[in-house]
Structure formats: C-alpha cells, structure tokens
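Listed below, chain by chain, are the residues.
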Amino acid sequence: MTLPSQAAIVVIGGGIIGCSTAYHLARDHKADVVLLEQGKLTSGSTWHAAGLVGQLRSSASITRVLKYSVDLYKGLEAETGLATGWKMTGCLRLATNADRWTEYKRLATTAKSFGMDMHLLSPAEVKAMWPLMETGDLVGASWLPTDGQASPSDITQSLAKGARMHGAKLYENVRVTGFEMKGGRITAVKTDQGDIACDKVVNCAGQWARQVGAMAGINVPLQPVKHQYIITEKIDGLATDAPTLRDPDRRTYFKEEVGGLVMGGYEPNPQAWTTGDVPNDWEFRLFDDDYDHFEQHMSQAIARVPALETVGVKQMINGPESFTPDGNFILGVAPECANMFVGAGFNAFGIASGGGAGWVLAQWVVDGEAPLDLWVVDIRRFSNLHRDRQWVCERTLEAYGKHYTIGFPHEEYTSGRPRIVSPLYDRLKGHRAVFGSKLGWERPNWFAPEGVEPKDLYSMGRQNWFDAVGDEHRHVREHVGIFDQSSFAKYELTGPDAAKALDWICANDVSKPVGRLTYTQLLNSRGGIEADLTVSRLAEDKFYIVTGTGFRTHDASWIGDHIGEGLDARLTDVTEDFGTLSLMGPRARDVLSAVTGSDVSNAGFPFGHVREIVIAGHAVRALRVTYVGELGWELHVPIAVTGEVFDALMAAGGTHDIRPVGYRALESLRLEKGYRAWGSDITPNDTPLEAGLGWAVKLRKNTDFVGRRALEMSGGAALKKRFAGFTVDDPEIVLVGRETILRDGEPVGYLTSGGYGYTIGRNIGYGYVRNADGVSDDFLASGRYELVVATQRTPATIHIEPLYDPAMQRVKA
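Residues numbered from 1 in each chain as written. Predicted model: local features only at pLDDT ≥ 70, side-chain atom pairs only at ≥ 80, totals over all residues. Heavy atoms only, no water.

### Description of the overall build of the protein
The number of helices and strands found in the protein is 18 helices and 39 strands. For 813 residues, the compact-globule estimate of 2.2 N^0.38 gives 28 Å, and the C-alpha radius of gyration of the protein, at 27 Å, lies within 12% of that figure. Summarising its shape, the C-alpha atoms of the protein cover approximately 80 × 65 × 55 Å along the three principal directions. Counting the 813 residues in the protein, one finds 60% classified as buried. For the protein, restricting intrachain contacts to residue pairs at least 6 apart in sequence, the fraction spanning at least 24 positions comes to 72%. Per element, the accessible surface of the protein, about 29600 Å² overall, is 49% carbon and sulfur. Of the charged side chains in the protein, 84 are positive and 100 negative, and the gap between their average positions amounts to 3 Å. (Helix = DSSP H or I, 4+ residues; strand = E, 2+ residues; numbered from the N terminus. Rg over C-alpha atoms; globule rule 2.2 N^0.38 Å. Buried < 20%, exposed > 50% of the residue type's maximum accessible area, 1.4 Å probe, protein only. Contact = heavy atoms within 4.5 Å. Areas by Shrake-Rupley, 256 points an atom, 1.4 Å probe, with all protein chains shown as cover. Lys, Arg positive; Asp, Glu negative; His and termini not counted. Charge placed at Lys NZ, Arg CZ, Asp CG, Glu CD.)

Here it is in structure tokens:
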C-alpha cells in the first residue's frame, strides 16, 4: 500500500463520523478526499456503541441533522448493497412523576414545532406495546414512532463503501504522527507511512481527537468516560420489533437485540478514563467489567423489566465514549487553525448523529461556513477555560450525570465554580446575589430579598426568583439599576485599514466619525446573522467592539477570518482589561452627572455616542447604548478599578434609589422592548430582513459587505417568514421557547424565546411566522393566533411593534 503524496482533504478517523464525512465529501462535492484510520474502521468507540437512534433535540437545526441521519440509514443499503441494521422500532420514554410529564408535554410540542409527531400515551397503552414492562409507577410515556436502532459497525462499513464508490480513498493501519504547519495553517499531514500534502484536514478521531488537535495547536475539549451496558440471552415474549425504551427516572435505556435486551444507563457518579492521552493501540478494546458500579442500573432495570432477574447475561460491554462539558457534540473549524475542521465528542449519540453530522461537516469544509445554525455544536463556543483538562473533566462528568435528569428551565451547572469572577463578586454577594455562569464567568442572575434564601429552586412552573426579578425589573423602569456586565467579550481593531476591514465585515455602516457607536450584525454569505454586536469608533484607526459573553471565541474568529487579504488591521481581545458597569433607568443621568465633570446631557452626550469620561479619578469609556429600553450607559472601566467606580456610583446613586440588578431582569426588560437575542431570536438561519432588522443594514450605501448579494437577491420577493411578538394573558402559563404558533388553527412557526414582561403584566414570546406564499403585514394582522404550550392551546395576541416604549411612557395593551 502506498499513500498518495497529496489530497485536497484528509479525514482523520474511520469511525462513523469520519466515514460519514468522507462519504458526503465524495458524494455531494466530488472532493479529492483521503481517509486515514490508525487501526481498523470502527475500532475506536463506534464498534461498541449501543446503536439507539433518537432524533428530537431542543435545537431545530440539530433535530434536522438527526432526522437526516434516519433518512440516510433507511436508503443506504439500496445504494451500497451493505445492510445498516436500521430498524424503525420507535422509542418510548417513560415518565414516573409530574415534572417529567410536563417535560414530555413540552417536548411533544417542540416535536410538533419541528415537524415531528410525538404521542403521549397512558400506562395501559405502554403496557400493551411492551408487555414485559412493569408500569405501576408510570404517569405515562412519550412515543416517537420514527426513532429506532441500527448496527453501528454495519452503518460505518456501508458509509465507507459508499465513500469508495464515489471516489474517496480509505486507508487502514495508518497513524497520523503530526502536521507540517505554515502561518497557522496545515500544509501536510505526517503519518507513520509518509506525508500527505493537503488543503484541509478534518479531525474525526473520536476519543483521540483531543491529541490529534493538540498536534496542530488546537483544543478539542472532550473527555473519555467509561460507559457500560449488558447484552442478555434470549427473553421469552420479547418482540423483535419492540420499541427502544428510555426510562430516565431510573436512568436506564433498553433495546432489543437478537431476542435479548441491551440495557445500560447514565449514573450520577460516572467514571472518567484519562485526562491525558488515550493509548494509540486501544483498538477493539474494552475495560474490565465493573459489576459493582453497574449494580445501580441493574436493580433499577429489574424493577422495570422483572424478566431480567432470571435471564442470563451474554456479554458486558465497558468501553470509553467521548463526552463534552455541555453534552453537545463538537463540529466546525478550529479557531486556532484556519484549515482544521473537527467532528468529535458525540456524547454517546454518535450513531444517531453520524449521518447528519457528516452531511453538514462536509458542507462546512467545502464552503468554509456552516450550512445552517449549528451554534450549539460549534467548536467556537469554547474558550481558553476549556484548555484546562481537569476543569473539562469535572464539568463533563456533571453533564454525563445529567443525561437523564429532568431538564428544568434556567438550570445551571455547579461543577468547577467559581472559575472567573469580576472584581465586584464579593460586593454583589453582599447584596445577596444568586450567580449563574457563562463561559466560566460568575454573573449575578438575581438578588434575593431579605428572608428569601439566595439560591435557585428549580421547577416547571414559576420559579422562586419570579417575584424578586419583577422588583428588579420595575426598579430599572422607574428608578436606576446597575448591572455588572464585566463578562462581555471586548476587542480592539486597530490599524490603517481597520475601517476598511469593518466596512466589509459589518452589515451596518460603521464608517461614522470618531465618537460614534453602531449596532451591527455580521452576516454569512447566505445573508444569515452570524453575530450582532456594537462597534465604537475611538480614533480614525481604532475601533472598540463589544459582544456577548458566550460569543467571545466565535465572534473574534469570524472577524479575524474575514479581514481582507493584505489589509493592515489587527484584532486584539481585551475582555479582561475592562470591567463593564451598565447604568440603566430614568435616573441614570442624575447618578452619572453626580460622579463626573463631563457633560452627560442629551445634547452633550447623545444616544449612539462614545466618550471618555472621568469617574473617581479614573478614565472610563462611556457608551450610550441600551439593551433594556431605558436611558443608560455602558461604562467600560479599567478592570483593576471596577470596584472603586462601582462604589462611587452606588454612593452617588443613594438619593436616586440605585440598586444592583441581575441578568434575569435584563432578559425580561429586553423582551418587553423587542430586542433580539443572538442564538435564539436571530441566528445564521435568519436574515436581518426576516428579523425586522433591515434598518440596521447599509443596503442604500454603495458598499459591498459579506451577505449583501444574498439580501439583494431575496430583496424583491415577499419574505417567507417574519419575526413577531406574542402576548398571552393567562398568568398560569410559562413560556420557555419552542411553543408552536398557530394562525387560524394551522401551525405557522414556533417561539424562539419566551418569558414574562413585568411592566405589561403578561407572558411574552417571540418567533417567526412562516408562509410559503409570503408573509405580508396583512397576513400577520389578519390571523387569529394561539400558542401551543405543553400540548395545550391558549389564545395569543400578535405584536409587530415593541410592547413597551419608554419615550412614550406607555404600554401597548
């Protein structure tokens, strides 16, 4: 065997993800692709996967990816002649308590929103479908008929054959030993059998992806965890087409296999493998059986399926699976290396994801941008924090342990905290702050009044912070609040060509005079929204860019990747150089004018401007901008003096009733004002025109920018979807997002975000209304609207304008 000396694309890893990616690169893009596998195909963790295939996730895009997998597995055998073991058995998920049942009702509504049918069944119906099951403790079950199971090794071999049929070259027993790099790019893949020059590399190395990435200086934050399951002897009375079974309240799952059962589970005390490198020769290998650790699943499984007590165990599988710190897989282009793409960390649903992940990853590799909104799995959601393997291990084990716990709204992780704190952490604790965390930063979510324990109590209904947040919300509307937003990601773009670079990257016009601030989106080539942020011009050749905490790596990477060839412009991350205090509310100017000599009147410091002012003897970048819909400033303070400036504002604000306010109130305030949140309301799937943000796009200017052509091409046609607000009067209802929007009884979309507006005293939701023939103003206004909330229909009112407008001091009824 002689390796080719060059290839356009080298895929590393011959598990299901690598083979699927190679197959799609060859089939859809006719790419010149070589796949390298250090052992045999499937020999890492694919061969010992349990092979359950579920499709429903909380993201519409990821659900689409998983639905694609099912469609692919159904038809693959006809194409390649190799069976995949695909069986559409459907999946039952069992509920034994009221909270789980509420979760399923919400999931059934989400499924409908995403075009799938999930049915809710009674215990008697469940018993009829699965007679061997003990159903005495059930409230009910959900049933997704299109889910199923497959044989991981067979699918992978079928994909590999399909890849070869379309011209891909696959090589086994070739180990990658390193990369030749030049200017932050890979120029060649080094192996133990020679080097291959290439344009792009796709790292699908499974539990080895971490060390393969490290060879190119990139971080792939995954952690191999030991996952056990058993395969039993034949069980009398078990149908060969028995549905797969998930019993999350007992933390276990079951599927039929040659007349017996596969049974495994997700324990709260999982066992990590190594935080170091995984041995290269770990081929078709398992750990020793650990019956003591598995006993917790065995006892729960016998209670559910009593036949297990007497049936023999044919085999126990104890193998490593790659898990990630947030339970979502990892796709996309590495921020540290422009031509290494990653597909790894599948959290034991690699078989369900394999077909679809290979499809979108191949497209991403060829186009250089994701084909749909894949933010929840994008490798750029991580940061330097995730280079700490011990932290990643702890957080990943927590995520593994939550695999089957009830997903309460607003739930926070607890491991590895506090990790990054603002200088105000102890001061805010003194004000009884209850913190959440975002990309490692501790951030105050709400402040507990005296007599209320400062901690979140999770529930499916209104949570324990609801009234306290209402008080904070009203305080900002009527007086003045101070938000610690030091975790904001902040960059400076400097250099003679900085303005020219931003003109191409930003959809809005940022070429304004020094001292001006602009809200802008960054668009992809489809006109979809990749980011939204503020750009302040500090000097002719210096811009200050502020974006959301969680988008730090993503936005820096997007901007860096799109600075034009040969332009002299440098992007620097200055997040930790500045604390950020947001002073918001009708009394904000009274407080600010008491601590600075600068003119902060409306004439002296208008909206959309940036000035350097002095507070407590320190130079502060003041940005007049708001996310809450009130008079206010973001004060960007040298980080070391954040505390002093906070103290000065609190002292001066005493007479104006100032108080610290948290992120939960920020959310309810922005919902009333109709401000869009990136990642939910606006995503790479949505254009500014659809999102009602056309006013922030410089289409009237004769300047080209990323996404302009796509917007112009769609410009003439009627929009097929449009962003709108909805209110619901029933105070008992809780909106969390993904509820179905009905217009005249027909589904036309779903909510992208939901919450409560305390000023207007109603539930608020936002979402896109869709219609193939176009969504006109008349179409929006003429319908009768309802929302489906946890399977129940409730009347709703549509709103195109913001629900709250402080300039008018009135509320839209």
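### What to know about the sheet that holds strand S30 (residues 632-638)
If you trace the six strands from one edge of the open sheet to the other, you get S28-S29-S30-S27-S21-S31, paired in mixed fashion. The open sheet is flanked by strand S28 (610-615) and strand S31 (658-660), the only strands paired with a single partner. Averaged over all adjacent pairs, the angle separating strand axes in this sheet is 30 degrees, with direction ignored. Two elements, strand S21 (residues 480-484) and S31, share three bridges in a ladder whose sense is parallel. Residue pairing in the sheet places Gly481 in a bridge with Arg659 of S31. Across the sheet, helix H14 (residues 588-595) lies against S21, strand S27 (578-584), S28, S30 and S31, angled at about 35 degrees from S30, the strand it touches most. (Pairing = 2+ DSSP bridges. Axes fitted to C-alpha atoms, helices over the stretch in contact; angles between N-to-C directions.)

### Thoughts on the sheet that holds strand S36 (residues 785-789)
In spatial order, the strands read S32-S35-S34-S33-S36-S37; together these six strands close into a barrel with antiparallel pairing. Going from strand to strand, the sheet's axes swing by 40 degrees on average, the running direction of each strand aside. Sheet topology places strand S32 (residues 721-728) next to strand S37 (residues 792-799); three bridges connect them, and they run antiparallel. Bridge pairing in S37 places Thr727 opposite Thr797.

### Section: empty space enclosed by the protein
A probe matching the size of a water molecule, rolled over the atoms, marks out where space remains unfilled. Tallied over the entire structure, the rule returns two cavities of 30 Å³ or more. The computed volume of the largest cavity comes to approximately 40 Å³. Within the lining of the largest cavity, the residues separate by chemical class into four nonpolar, two polar and two charged. In this structure, the second largest cavity spans a volume of roughly 30 Å³. Around the second largest cavity, the lining residues are Ser422, Trp441, Glu442, Arg443, Asp484, Gln485, Ser486 and Ser487. Here the element with the most residues in the lining of the second largest cavity is strand S20 (residues 441-447); it accounts for three residues. Considered class by class, the residues forming the lining of the second largest cavity number one nonpolar, four polar and three charged. (1 Å grid on protein atoms, 1.4 Å probe; cavity = no way out; pocket = protein on both sides within 12 Å on 5 of 7 lines; lining within 4 Å. Points joined across faces, edges and corners; volume = space filled by probe spheres on them. Nonpolar A, V, L, I, M, F, W, Y, C, P; charged D, E, K, R; others polar.)

### Quick word on the layout of surface pockets
For the second largest pocket, the calculated volume is near 520 Å³. Ser383, Asn384, Arg552, Thr553 and Asp573 are the residues nearest the centre of the second largest pocket, which is lined by 26 residues in total. Elements supplying a minimum of two residues to the lining of the second largest pocket: helix H13 (552-561) and strand S26 (570-573). The element that contributes the greatest number of residues to the lining of the second largest pocket is H13, accounting for five residues. A per-class count over the lining of the second largest pocket returns 12 nonpolar, nine polar and five charged.

### Regarding unusual backbone geometry
Cis rather than trans, the peptide bond between Arg417 and Pro418 has omega equal to -10 degrees. Inspection of the secondary structure assignment puts Pro418 in the loop between helix H9 (389-401) and helix H10 (425-430). Non-glycine residue His410 carries a positive phi angle of around 70 degrees. Within the secondary structure layout, His410 lies in the loop between H9 and H10. Under the relative-accessibility criterion, His410 is labelled partly exposed at 42%. For Arg432, which is not glycine, the phi dihedral falls at a positive 70 degrees.

Distances and angles like these do not, on their own, reveal function.
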